[in-house]
Every structure is written in C-alpha cells, then in structure tokens.
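Structure at a glance
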Amino acid sequence: MIVGICGSPRKASTEYVLEQALNMLKEKGYETALWTARDKNIEFCIHCDYCLKNKSCFYQDDMDELYELLAHAKGIIFATPVYNGGVSAQTKAVMDRTRSVVATDKNFFRGKIGMGITTGGDRAGGQELALWQIHTFYVINGMIPVGGGPFGANLGANFWSKDSLEGVKADAEGLRSLKKTTKRFAEYYELYCNKK
C-alpha cells in the first residue's frame with residue numbers, strides 16, 4: 001500500500017496535487033490511502049522519551065490512525081505547502097511524532113519508498129528546501145527517497161500555486177514534475193516492493 005500524507009491545514013492546492021499523484025498510482029494498479037493533517041488533533045512531540053520506555057507515544061490523538069496506515073505502507077508520499085521556506089508545522093509535527101513507532105521498531109520505515117510534493121505561493125518559495133526536509137526524514141529512517149530524476153524534477157514534484165488552487169492547476173511545469181516523480185516512484189516501488 002502507498003500512503004499519501006497531506007501536511008496542509010486547509011483543503012486546497014497541496015491536497016489536490018497529492019490526490020493527483022495517488023490517482024496516477026491507482027491507475028497503475030496500486031492500493032493507495034490518503035491521510036490529511038487537516039482538522040486533525042496532532043500534539044507536538046516534546047521529546048519526553050515516554051516512547052522509549054513504554055513503546056508507545058504519551059499522546060493518544062489522531063496520529064494513532066496514521067500509525068496504523070504506516071505500518072502497512074510500503075510507499076509514503078509527503079505533500080506539504082511551503083511555510084517560511086520549509087515544510088508546514090503540521091508536516092513537521094507528523095514527522096516528529098513518528099519517533100514513537102521507531103522507538104518500538106527501529107526498522108519500522110526501513111526499505112519503504114518515499115517521495116515528496118511541495119506547493120509554494122512563489123515559484124522559488126522554498127520548495128526545494130522543503131523537499132530536502134522530506135528526504136532527510138526518509139534517509140534518517142532508512143527509507144529509499146525518490147525524486148523525479150534529472151531535468152526538471154530532481155528532488156520531487158514542485159508546484160507554484162500563486163496562492164490558489166487555480167494557480168496549481170495552471171502550473172504545467174509542476175504537473176510535469178509530478179508525472180516524472182510519480183513515474184519514478186512507481187518504478188522504485190516495483191523494484192523494491194511487491195505490487196499491490
């Protein structure tokens with residue numbers, strides 16, 4: 001299964017492009033699930049080490065449903081709007097809170113395939129820095145990060161939203177980067193994971 005995680009607090013352009021990626025993968029026959037941080041109760045990790053001693057998180061909140069999805073996922077797609085040149089606070093909170101599943105099983109994420117999608121109000125608004133944060137999460141956790149390859153989608157899919165859904169839909173270059181990245185993600189998924 002491939003899990004798409006939307007780190008936007010709004011139903012807007014980031015969720016839209018993640019849905020497009022998941023639809024492309026569904027067309028190839030893959031099982032997908034979308035989980036959004038929107039309207040979810042997600043506490044911030046306080047690095048209290050409760051998870052190291054108790055093999056579970058101190059907080060019981062909406063992250064519990066994501067933990068269940070991630071346990072079955074072989075591929076993960078983080079999609080985030082760009083806030084202040086990086087991932088959204090919601091995206092970062094999700095990443096930080098996965099510490100509890102890794103405390104239970106250090107190999108929880110090992111070998112899973114990961115890709116990133118970013119949307120920014122400006123063409124060069126920090127999309128690549130946000131993608132680096134996503135890839136850093138993947139590398140730290142033993143995942144296989146996938147970009148779109150050279151010539152246009154090196155680190156992943158980048159969109160210029162112009163702060164609107166219409167801007168994302170009109171971004172032909174962003175769509176091209178999404179198609180390239182999703183195609184490469186599927187190739188790696190096929191190579192390293194069982195289909196469906």
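Summary of the structure given here.

The rules behind these values
- Residues numbered from 1 in each chain as written.
- Predicted model: local features only at pLDDT ≥ 70, side-chain atom pairs only at ≥ 80, totals over all residues.
- Heavy atoms only, no water.
- Helix = DSSP H or I, 4+ residues; strand = E, 2+ residues; numbered from the N terminus.
- Rg over C-alpha atoms; globule rule 2.2 N^0.38 Å.
- Buried < 20%, exposed > 50% of the residue type's maximum accessible area, 1.4 Å probe, protein only.
- Contact = heavy atoms within 4.5 Å.
- Lys, Arg positive; Asp, Glu negative; His and termini not counted.
- Charge placed at Lys NZ, Arg CZ, Asp CG, Glu CD.
- Pairing = 2+ DSSP bridges.
- Salt bridge = Lys/Arg side-chain N within 4 Å of Asp/Glu carboxyl O.
- Disulfide = S-S within 2.5 Å.

Thoughts on the overall build of the protein
A tally of regular secondary structure across the protein gives 8 helices and 6 strands. Ordered by position in the sequence, the α and β elements of the protein form the string β-α-β-α-α-β-α-α-β-α-β-β-α-α. The C-alpha radius of gyration of the protein comes to 16 Å, within 12% of the 16 Å expected for a compact globule of 196 residues. Out of the 196 residues in the protein, the part that is buried amounts to 50%. Taking the intrachain contacts of the protein between residues at least 6 apart in sequence as the baseline, contacts between residues at least 24 apart amount to 75%. Separation between the mean location of the 25 positive side-chain charges and that of the 22 negative ones in the protein comes to 6 Å.

What to know about unusual backbone geometry
A positive phi angle is found at His-47, which is not glycine, with a value near 50°. When you line up the elements, His-47 lands in the loop between strand S2 (32-36) and helix H2 (50-54). Owing to a relative accessible area of 51%, His-47 belongs among the exposed residues under this scheme. In this model, Asn-84 sits at a positive phi of 50°, which is unusual for a non-glycine residue. Note that Asn-84 resides in the loop between strand S3 (75-81) and helix H4 (89-97).

Quick look at the pairing of S3
Here S3 lies mainly inside the structure; 7 of its 7 residues are buried. Bridge analysis of strand S1 (residues 2-6) against S3 gives 5 bridges, and the strand direction is parallel. The residue of S3 that forms the bridge with Ile-5 is Phe-78. Bridge analysis of S3 against strand S4 (residues 113-120) gives 7 bridges, and the strand direction is parallel. From the neighbouring strand, Gly-75 faces S4, where its bridge partner is Ile-113.

Side note on the pattern of salt bridges
What the rule picks out here adds up to 11 salt bridges. As a salt-bridge pair, Asp-96 and Lys-92 come within 2.7 Å of each other at their nearest N and O atoms. Taken together, the residues span about one helical turn, with Asp-96 and Lys-92 both in helix H4 at a distance of 4 residues. When its relative accessible area of 30% is taken as the criterion, Asp-96 is described as partly exposed.

Brief notes about the state of the cysteines
Under the defined criterion, the tally for this structure stands at 0 disulfides. With no disulfide of its own, Cys-45 lies 6.8 Å from the sulfur of Cys-51, the closest cysteine sulfur.

These values are about where atoms sit, not about what they do.
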